[in-house]
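Topology and contacts: notes
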Amino acid sequence: MRTSMMSAAAMGAAVLVGAAGAVRTASAQCNFSWLGIPDFDQRRSGSLWDTGSGLPGEGGWYCVPTSMVNLMAYLSNQGFPEAMNRPGPSNWQNSNNYYWVSGYLTEMGNFMGTGASSGTGSNGWVAGTEAWLQAVGLYDEFSVYWHGSSPEWTPSPIFMHVEMDYYGSLVAFAHGPYAYANATRGWYRTGGHICTLFRTTNACGNTPSIGYKDPWTSDSKTSQSAFSSASTALQGDNVRINYEDRLQWRMVDISDANTRRYIDEVCVMRPNFVFTGTSTDGLKLRRLFKLPSHPRPMEDVLAGPGGRTIKHVALDDATRNLYIVSTPGLFNNPPPRLWSLDPSTMTYTNLMDTTALPTSLLTDRRGYVILAGDGSVRKLKIGGRTPTIVQQDAGGVNYDDLAIDDATDTIYALDEGTRTIRRYPGGNLTQGVTNSLDTPVPFSGKGSLAINPVDGTLWLASQGVTNVRKIGLHPPATGGPNVWQVEQTASNAAMTGIEDLQFSNTGKIQILSGGKAQQFKRELTGAWSADTTAPLHNLPAKNFLFTTRSRTNFDPALHTGPGWDNNVLDPHGGLQHEVRDCPADFNIDGVVDDFDYFDFLNAFFSNDPDADINGDTSIDDFDFFDFLNSFNTPCA
C-alpha cells in the first residue's frame with residue numbers, strides 16, 4: 001500500500017497547476033515568473049487518435065505546436081478549462097494524460113499546418129494559435145501577438161518581461177541557430193526552435209536571463225519525461241544579420257563559436273484589456289480577463305503627463321510603449337504634445353510638441369506612429385526620444401479620424417467637413433485617393449472609423465447618428481467616381497452618441513457613448529444585441545476607447561523561406577542544461593511517496609540517466625543530496 005506524502009490532487013494543484021502562481025520581486029530588477037507551466041515532449045510515436053504512428057516524423061518538427069499547447073494547458077489550469085476542452089484542472093505530467101496530450105499536439109499541428117519534415121512557418125504559428133482560441137471560444141478573451149525580428153525591432157528581455165508582468169501574457173519564443181557567412185552578409189538564420197517562456201530575471205538590468213520549457217527531449221518517445229526547466233543568460237549583440245546591422249539578443253548558454261542562438265520571434269497570448277480616460281482625465285487600464293496567479297490589480301490608473309488631459313492613446317505592440325496625445329495648457333503653454341509611456345517604469349517621455357491638437361493617433365503593425373491634425377497626416381518613426389517623419393501628406397486637410405487595416409496596411413482618413421474619406425493603399429502617405437460619402441450615408445457630428453478584423457471591412461459611426469454602418473466603394477447611380485455607400489447597418493437603439501468605435505477579434509462592435517463603453521454582438525438572425533455579459537459592457541469610459549486586438553508584424557519578405565521554418569533537429573547540439581521541476585516526484589505520477597524514493601535509488605545505483613537530478617550530465621553525490629532535499633521539501 002502506498003503511503004503518500006501528498007495526495008494526487010494536492011500535488012496537481014501545488015506542483016503542476018502552479019497554485020503558487022506568479023512571483024514578483026523588486027520592479028527595478030524586472031523579475032517575473034509563471035509557476036507550473038507544463039513541459040510536454042514533442043518527440044512522440046503514439047497518440048490516442050492515431051494509434052501506433054504518433055506525430056508526423058515522430059514529432060521531430062513539432063516544437064511550435066508543443067510550446068503553444070504548454071500554454072493552453074497552463075491556461076486550462078488557471079480558470080480557463082475550455083482551453084484544453086477539460087472540465088477543470090488536470091495533472092498534465094501524469095501518464096494517464098500522455099495520449100490525450102498527443103492528440104492535442106496533433107490538432108494544434110493541423111491548425112498550424114506543421115509539416116512532417118518542414119516544421120511550422122511563422123505565419124502558421126500565428127494562424128494556428130488564433131484558430132485554436134476561436135475553436136475553444138476564447139478569442140474574445142485573449143489576443144495573439146506575433147513579432148518577428150526586423151531591422152527596426154528585435155525581441156528583447158524587457159519586451160518579454162513587460163508582456164508577462166504588466167500585461168499578464170503567456171509567451172513562447174523562437175531562437176534561430178545562426179551561421180556566419182562573411183563580413184558583408186554577416187550571420188544568417190538556418191532554422192528555428194520554439195520554447196515556452198516562464199521566467200525573466202534582471203530583464204531591465206545589465207545581466208538579463210530567462211527560464212524556459214524546451215519541448216525537445218531525447219527520452220522515450222512513448223511516455224512523458226519529467227517536466228524540467230532550462231535557463232540562459234542573454235546578451236545583446238550589435239551584429240550584422242543578412243547584410244543589415246541590428247541588435248539581436250543571444251542565448252549565451254546554448255551558443256558556441258560556430259553557431260549563435262538568437263531570439264528572433266515571440267508569440268504572445270495576451271488577456272484583453274481596455275485603455276480609456278478617467279473622470280480626472282488621466283489614463284485607466286482595465287484588464288478584462290486575468291489569470292488568477294497574475295499579481296497585478298484588475299485596474300491601473302495613472303494621471304496624465306504634467307497634469308494635462310489625455311486626448312488619444314495608441315499601443316505599439318512591438319516596443320510595448322504607449323503613445324499619448326495631451327491637450328495644451330492655458331494660452332497654449334505647454335502646447336499639445338506627443339508622449340510615450342513605458343509600462344516597465346510607468347514614466348512619460350515627451351517626444352514632440354505639435355502646432356495644433358492632433359485629431360487622431362494610431363500605430364501600424366510595424367510600430368510607426370500615425371498622427372492626423374494640423375493640416376497633415378504624418379507617419380513617425382520613434383527612435384529614442386527623437387521622432388522622425390518617415391512620410392507625410394501635408395495637403396492642408398485636418399482629418400478627424402484614422403483607421404488602419406493590418407492585413408493590407410491601408411490607412412483611412414475621415415474628413416467630416418467635406419464628407420470624404422481618403423485611402424492610403426499599403427500605408428503610403430504619398431499616394432492618397434479621396435472619395436466622397438454618398439449622399440444617403442447619414443453623418444452628423446464627430447465621426448469614427450474602424451476596421452472589422454474578421455473580414456477587413458470599413459465601418460463608420462458619428463455622434464449625431466444612431467447605429468453603425470459598414471461602407472464600401474461603389475459607382476454612384478448618376479455615374480462618375482466611386483463613392484462610399486452603406487453596405488450593412490448594425491442597428492440597436494443603444495448605438496447613439498458614439499464618440500469612438502472599435503471591434504473585437506471576433507467582430508463584436510465596441511463603442512464609447514454616454515460616459516461608458518458598450519459591446520454589441522450579432523445574433524444568428526442578423527440583429528445586433530447588447531453583449532451584457534462582456535466585461536467591457538457598461539465600463540466607465542471617457543475621451544477615448546482603445547481595446548486590444550490580435551496583431552502581427554509578419555512580413556513575407558523577411559519571415560519566410562527555408563531559414564525561417566522552425567524545424568531544427570537536435571536544436572542545442574548537446575549544450576542544453578535542464579533541471580527537473582519536481583525531482584521528488586521521480587516516477588512522475590503526481591504523487592510524492594516511498595515509491596519515488598526507491599525508484600530513485602534503483603536508478604542512482606544502476607547509473608540510469610534519469611538519476612541525473614541536477615542535469616549536469618554526471619550522476620554523483622550532488623544528485624543524491626538534491627533528490628533528498630526535494631523529497632523532504634514539497635515542490636511548489
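In this report, the structure presented in the accompanying data block is examined. (Residues numbered from 1 in each chain as written. Predicted model: local features only at pLDDT ≥ 70, side-chain atom pairs only at ≥ 80, totals over all residues. Heavy atoms only, no water.)

If you look at the biggest cluster of nonpolar residues, it comprises 72 residues, and the most contacted ones within it are M68, L75, W125, M160 and F173. With 9 residues, the top contributor of residues to this core is helix α2 (residues 63-76). Dropping the residues within four chain positions of it, M160 is found in contact with F173, L197, T200, I210, L234, I263 and V266. (Core = buried A, V, L, I, M, F, W, Y, C linked by side-chain atoms within 4.5 Å. Buried < 20%, exposed > 50% of the residue type's maximum accessible area, 1.4 Å probe, protein only. Helix = DSSP H or I, 4+ residues; strand = E, 2+ residues; numbered from the N terminus. Contact = heavy atoms within 4.5 Å.)

Sheet strands associate in pairs through backbone hydrogen bonding, adopting either a parallel or an antiparallel arrangement. Strand order in the open sheet formed by 4 strands is β22-β23-β24-β25, and the pairing between neighbours is antiparallel. Both outer strands of the open sheet, β22 (401-405) and β25 (433-436), are each paired with one neighbouring strand and no more. On average, adjacent strands in this sheet sit at an angle of 20° to one another, irrespective of strand direction. (Pairing = 2+ DSSP bridges. Axes fitted to C-alpha atoms, helices over the stretch in contact; angles between N-to-C directions.)

The next thing to look at is the state of the cysteines. Under the defined criterion, the tally for this structure stands at 1 disulfide. Linked covalently through their sulfurs, C30 and C204 form a disulfide whose S-S length is 1.9 Å. Handedness here is read from the sign of the S-S torsion; for C30 and C204, about 95°, the answer is right-handed. Linking C30 in the loop between β1 (22-24) and β2 (32-34) with C204 in the loop between β6 (193-201) and β7 (209-213), this pair joins segments that are 174 residues apart in sequence. This cysteine, C63, is not joined by any disulfide, and C195 carries the nearest cysteine sulfur, 7.7 Å off. For C63, a relative accessible area of 2% corresponds to the buried category. (Disulfide = S-S within 2.5 Å.)

A few words on the packing of aromatic side chains. Going through the model one piece at a time under the given rule, you end up with 30 aromatic pairs. By the ring-pair criterion, three or more aromatic residues cluster together here, those being Y597, F598, F600, F604, F605, F624, F625 and F627. Lying over the aromatic face of Y188, R185 brings its terminal NZ or CZ to 4.2 Å of the ring centre. Between the NZ or CZ atom of K213 and the centre of the ring of F198, over which it lies, the distance is 5.0 Å. (Phe/Tyr/Trp six-rings, centres within 6.5 Å; stacked < 30°, edge-to-face > 60°. Lys NZ or Arg CZ within 6 Å of the ring centre and 35° of its normal.)

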